[in-house]
Each structure stands twice: as C-alpha cells, then as structure tokens.
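Architecture at a glance
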Amino acid sequence: MSQTFTDDKSTAELTIPVASADACCAEETSCTEPSVVLSTKPVPSNLDKHVYIETFGCQMNKSDSEHMFGLLEEIGYAATDDLKIADLMILNTCAIRGGAEDKVYSYLGHWRKITRDRPDTLIAVGGCVAQDEGENLFERSPAVDIVFGTHNLHRLPDLVLQARNTGKRVVEIIQELPEDLPETPVIRMNDTTAWVSIIYGCDYNCTYCIVPYVRGREKSRSPESIAREMEELAASGYKEVTLLGQNVTAYGHDLDPQIHLGDLIRQVGGISGIKRIRFLTGHPRDLNPEIIDAVAEVDSACEYFHLPIQAGDDRTLRRMARGYKVDFYKRIVDQIRTRIPDAAITSDIIAGFPGETEEEFLNSVRLVEEIGFDACNTAAYSPRNHTPSANWPDQIPHEVKQERLRFLNMAVSESSHKCNQKLLNTVQELLVEGRSTRNPERLTGRTRTNKLVNFAGDEKLIGQLVNVKIQSANPWALRGELA
Ligand code: 5AD
Ligand code: SF4
C-alpha cells in the first residue's frame, strides 16, 4: 500500500531535498525522489472505514497528516491510498503561495465529481487554507462537509463523527492552540525517519508571509514531551528524527525555564538508537552560537543548516522586515563553517519581491554564488492575503518574476553542482530510505548533510546506515557504490 503526498510539479521553482523521503519543503517542487510509503505496520482489525489524505505544503503539514491518520484510526478509519474506497477524503492544504491555494479548489472540483454517486463519502478540508477561509470554503466548494483549522487537529475525530451523525456540514476554526498541547496519536508514513514537532507558529512578521496569520504565535513543546516521543521512536527502530517547526531556532523562549534549541539538541542528542537529528526550519536572527556549538558537539546532530535568507540585498531584506542585513547572514555562515567545516548550508530565496530592482535581484544571484549554497528553495513572489506587501503598488509583472526565477535557479543549480562534486570519491554515511522511484534497481538514502544518494544494494539495507563511495554528482543527487 503506498501513499503519495502529491506536490505540484511546477518546473519553475526549485525545492531542495530535505529530510523526508519525498523531500519537499515548500509546496511547489521540482523534486521527484521517492514518494512516501504508508506505514508497513499491521492495520488493526477493528477498522471498518477508510480515510484518504492528500497533503500539500511543508513538513509541518505532512507531519500533521500523520497525526490525522493516528487520530482517525481511533474512530475506525484505516489509511488508504485508493480514493475509490475512501469513506473520508481529506485535503490538508497550504496557503504559502497562490499556486498552492488554487490547487485546493481544483482538487475539490475533482473530488466533487468522483463522489457524486457516493453520498456517504465525507470530504474534509484542513490546514492553512482552511484556517484562512473557514466556512467560505462551503460556498466555493459545495461538496465540502467538514472544515477544520491548524490549531484544532485533535478535534478531527469529533468533527467527523458529528458530520456523520447529523448529516450536516461542520466547521471549526480556532485562533490559538490549546494552552496544554494535546499529545495526539500518529501513524508515520516512513519507518526510518520521523518528524517531531517542537514549536508551532511564528512570531515574525515578514511582509510577504501568511504563515503567522494561519499558524499563529510561537508555542514550544516541553523538552520532556519531545524526549518521550523520541524515546518511543528509538524503541520502534527509528534512526533519524527531524525536529520541526515554522521557526525552530526560536524554540524554548516561551518555556519556563527558558531554554534554546542548543539545549534541546543536547538533551535529546543522547537518546540511544537515534543516530541523526536535524532541525527545520529556522530564522538566521535566532541561530545563536550555542546552537552551532551543540550541532558541532553532539554526535547525532547532523551537519546541516537550512537557513532561509530570502534575498541577497539589504534594501529588499529591510522591506521584507527580515531583521538582518546580508553581512549578518554571511557572518553566521562563517561561524558555521569555522566550527563545522563540512556543514551543508541550504536556504530559501524569493524572486521578484515588490519593488525589487534588477540590480537588487542580481544581488541575490551573486549571494548564491558567494555563499555557495548546497541547495535552495526558490520561488517567485506571490501576493498573499493579510500580508502588507500584497498591497504595495510596485508589484513585479508575472513574466519578469518568472524570468528572474529561471535565472536564479541556474545559479542555484550551479552552486549545488559544485558542492556535490566536492563529495566525489569520498565515503559518506547514508541512512537508506527505500528504493529509488526512478530506478527500482537502486536504493536511495541521505547523507548526514541531507544529500540524496542512489546506489545498488540489497533491499535488506533499507533502514540501515551504510557507507557509500560517491562516484558521480549532479546538482540534485549523487550516485555511489557500497564501500
Ligand atoms: N511568495 C513567495 N514565496 C514565499 N515564501 C513565503 N511566503 C512567500 C510568498 N508570499 C517562501 C519563503 C519561505 C518558504 C517556506 O516559502 O522563501 O521561506
Ligand atoms: Fe504552507 Fe506555511 Fe502552511 Fe506549511 S505552514 S503548509 S508552508 S502555509
């Protein structure tokens, strides 16, 4: 049984391979490596209904979907990847760019058609678009039965039962997470690497970004609860954990006593069995030297930093309200590279922010070359509701944004290629994630620096750490042989 978390295959935007099996951070991606496979654990026999979930967007959303599967199993729903047998179909939506939102309505149009003669099939919409649109979704998409937001996932079973029992539409959107974060059950889509949310929401107000609006204020989980989850993961055989949040580098500032991400890495870094810890995604302003030290000193912490810069130009950064200048970012990169010379550094960059001049855009391109990023998620600026920059008069025409994006992508590919070529003839430790989707004869895994490597090997290596000698490199992936 397999479940594909579909992402738009927009060719214009690049998405770096991140720590999940299907490897897509932002919602529009050119990454096509392995799709996620539904858990191989036995399905309990008391499940008499089926739920299908289509997930758009970031790892937080993918992780949320795993919790939806867990919650729904408790009321008798088994996960399926077959829409034809689904009694409940859920769209877990992303609002970060217009394209992702448009996709929601085209999926709902399709689902409406295929459920026309299945009156008992329920359609639910959750995630960021649901949080933003609430009951407007009923008007735009008459087939929708349930709308729930990003702060009340734990209520999904009740909402489903309510819709089932009353035959009426149900909407529940709340504006904040509950005071005591509920620990929700989870069915993980991958048996090797797992996501663990450590902080929800974002307190920054970047002028382009809808995330603070749809995900709310920062709220950290307690280190004890995180450690408990990771111990359970270790006991179930997981070797890799990605600590997740919209702004993980802010972790712990709201806890009593206050701690920071570096403390957390040290606390959970020694959990026996978890060989690799990563964190996604952070803000350069919050990446303090203690976090870099923790990554350098804790064996399981991977030498991998995803630090979105967004633009390589001071005036643009100021108008984005990022709170740092290019020089500040470069100093952080220097600190990381001085302390951890082999660290991979990846980023996010937006092309065509309102008012961005040609010269300012070229500063972003130059920065990619100068920093030598291992990879970057790139995107054309997309005006979003509730964000100040959406109303600015100096919007960049669509064609210009696309042209800039193409140019930026060329610089990113070149930079990734150079970084990957540095690994030729080295031996890298891989965590083997599964068969390559492009060539099932090969296995695929990731280095500690999060690079995708394909190699020939026996299926029994899936889930294991192996050493592979790198033989060839392209901008997106490496190829090697067992060492
Ligand atoms: N337009 C384009 N890209 C955006 N991002 C966030 N908001 C927008 C927007 N309005 C990008 C940023 C962020 C990533 C997750 O998505 O680069 O880091
Ligand atoms: Fe998309 Fe942001 Fe929501 Fe993730 S948090 S799904 S990137 S809008």
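Only a predicted model underlies this, so the values are computations on that prediction, with no experimental measurement involved. (Residues numbered from 1 in each chain as written. Chains lettered and ligands numbered in written order. Predicted model: local features only at pLDDT ≥ 70, side-chain atom pairs only at ≥ 80, totals over all residues. Heavy atoms only, no water.)

1. A closer look at the overall build of the chain
Along the backbone of the chain there are 13 helices and 19 strands. Taking 23 Å as the expected radius of gyration for a compact globule of 483 residues, we find that the chain reaches 22 Å, a close match to that expectation. Expressed as lengths along the three principal axes of its C-alpha atoms, the size of the chain is roughly 60 × 55 × 50 Å. Among the 483 residues that make up the chain, the fraction classed as buried is 61%. Expressed as a percentage of contacts within the chain between residues at least 6 apart in sequence, the contacts between residues at least 24 apart total 73%. With an accessible surface of roughly 19500 Å², the chain has 48% of that area assigned to carbon and sulfur atoms. Averaging the positions of the 53 positive and the 71 negative side-chain charges in the chain gives two centres separated by 3 Å. (Helix = DSSP H or I, 4+ residues; strand = E, 2+ residues; numbered from the N terminus. Rg over C-alpha atoms; globule rule 2.2 N^0.38 Å. Buried < 20%, exposed > 50% of the residue type's maximum accessible area, 1.4 Å probe, protein only. Contact = heavy atoms within 4.5 Å. Areas by Shrake-Rupley, 256 points an atom, 1.4 Å probe, with all protein chains shown as cover. Lys, Arg positive; Asp, Glu negative; His and termini not counted. Charge placed at Lys NZ, Arg CZ, Asp CG, Glu CD.)

2. With respect to the site of ligand 1
Surveying the vicinity of ligand 1 reveals the residues I96, R97, Y208, Q310, D348, I350, A379, A380, Y381, S382 and R384. At 3.2 Å, a side-chain N or O of R97 approaches a nitrogen atom of ligand 1. Between a nitrogen atom of ligand 1 and a main-chain N or O atom of Y208, the distance comes to 3.0 Å. When ligand 1 is considered free in solution it has 410 Å² of accessible area, and contact with the protein chains removes 90% of it. (Near = heavy atom within 4 Å. Polar contact = N/O pair within 3.5 Å; in protein donor to acceptor, adjacent residues only side chain to side chain.)

3. Details of the pairing of strand β7 (residues 193-197)
Along β7, 5 of the 5 residues are buried, which leaves the element largely enclosed by surrounding structure. Here β7 shows two buried faces, one formed by T193, W195 and S197 and the other by A194 and V196. Pairing of β7 with strand β10 (residues 240-244) involves 5 bridges; the strand directions are parallel. Looking at β10, one finds that S197 is bridged to L244. (Pairing = 2+ DSSP bridges.)

4. Topic: the sheet that holds strand β6 (residues 170-172)
With respect to topology, 6 strands assemble into an open sheet ordered β2-β1-β3-β4-β5-β6, the strand pairing being parallel. Of all strands in the sheet, those with a lone pairing partner are β2 (77-79) and β6, marking the two edges. Averaged over neighbouring strand pairs, the angle between their axes works out to 20° when direction is ignored. Here strand β1 (residues 49-55) runs beside strand β3 (residues 88-93); their pairing, made up of 5 bridges, is parallel. Bridge pairing in β3 links T55 to N92. (Axes fitted to C-alpha atoms, helices over the stretch in contact; angles between N-to-C directions.)

5. With respect to the pattern of salt bridges
One pass over the full model with this rule turns up 25 salt bridges. We note a salt bridge from D203 to R217, for which the minimum N-O separation is 3.5 Å. Of this pair, D203 sits in the loop between β8 (199-200) and α6 (211-215) while R217 sits in the loop between α6 and β9 (219-220), placing them 14 residues apart in sequence. Of the residues examined, D203 reaches a relative accessible area of 24% and is grouped as partly exposed. K451 is the salt-bridge partner of D374, the closest N and O atoms lying 2.7 Å from each other. Residue D374 is found in the loop between α12 (358-371) and β14 (375-380), and its partner K451 is found in the loop between β16 (442-446) and β17 (452-456); the two are separated by 77 residues along the sequence. For the pair D374 and K451, a shared accessibility class is recorded, and that class is buried. Each of E240, R276, R278 and E429 takes part in salt bridges that share partners, so that together they form one network. (Salt bridge = Lys/Arg side-chain N within 4 Å of Asp/Glu carboxyl O.)

6. Description of the packing of helix α7 (residues 223-235) against helix α8 (residues 261-268)
The contact between α7 and α8 brings their axes to 10 Å, and the two run at 40°. Between α7 and α8, the angle falls in the class oblique. Along this stretch, α7 crosses α8, giving a crossing that reads as right-handed. Between α7, through P223, I226, A227 and M230, and α8, the contact on the second element is made entirely by L264, Q267 and V268. Considered class by class, the residues forming the contact of α7 with α8 number 6 nonpolar, 1 polar and no charged. (Parallel < 35°, antiparallel > 145°, perpendicular 65-115°, else oblique. Left-handed = near helix turned anticlockwise from the far one by under 90°. Nonpolar A, V, L, I, M, F, W, Y, C, P; charged D, E, K, R; others polar.)

7. Here we look at the sheet that holds β7
The 3 strands lie next to each other as β7-β10-β11, forming an open sheet whose pairing is parallel. Only two strands of the sheet have a single partner each, and these edge strands are β7 and β11 (276-280). Neighbour to neighbour, the strand axes of the sheet diverge by 25° on average, direction disregarded. Pairing analysis gives 5 bridges linking β10 to β11, with the strands arranged parallel. Bridging from a neighbouring strand, V241 pairs with I277 of β11. Across the sheet, helix α1 (residues 59-73) is in contact with β7, β10 and β11; its angle to β7 comes to roughly 100°.

8. Notes on the nonpolar core
Ranked by internal contacts, the top residues of the largest apolar core, which has 70 residues, are I198, M230, F279, F305 and F373. Discounting residues that sit within four places of it in the chain, F373 has contacts with I309, Y329, I345, T346, S347, I349, L367, V368, S415, S416 and C419. (Core = buried A, V, L, I, M, F, W, Y, C linked by side-chain atoms within 4.5 Å.)

9. Observations concerning the confidence of the model for the chain
A residue-level look at the chain finds 91% of positions with pLDDT of 70 or above and a mean pLDDT of 91. This stretch, residues 1-12, has a pLDDT under 50; its non-local contacts, to residues over four places away or in other chains, come to 50 contacts. In this model, residues 15-37 is a region of pLDDT below 50 whose contacts with residues beyond four sequence positions or in other chains number 112 contacts. (pLDDT = per-residue confidence, 0-100.)

10. Quick notes on unusual backbone geometry
Of the consecutive residues D256 and P257, the connecting peptide bond is found in the cis state with omega at 0°. Along the chain, P257 falls in the loop between β10 and α8. Following L280, the chain continues into T281 via a peptide bond in cis, with omega recorded as -10°. A positive phi angle, near 70°, is found at H386, a position not held by glycine. If you trace the backbone, H386 turns up in the loop between β14 and α13 (398-421). Residue classification places H386 among the partly exposed residues on the basis of a relative accessible area of 43%. With phi around 70°, N425 is a residue other than glycine that occupies positive phi space. Checked against the element boundaries, N425 lands in the loop between α13 and β15 (427-435).

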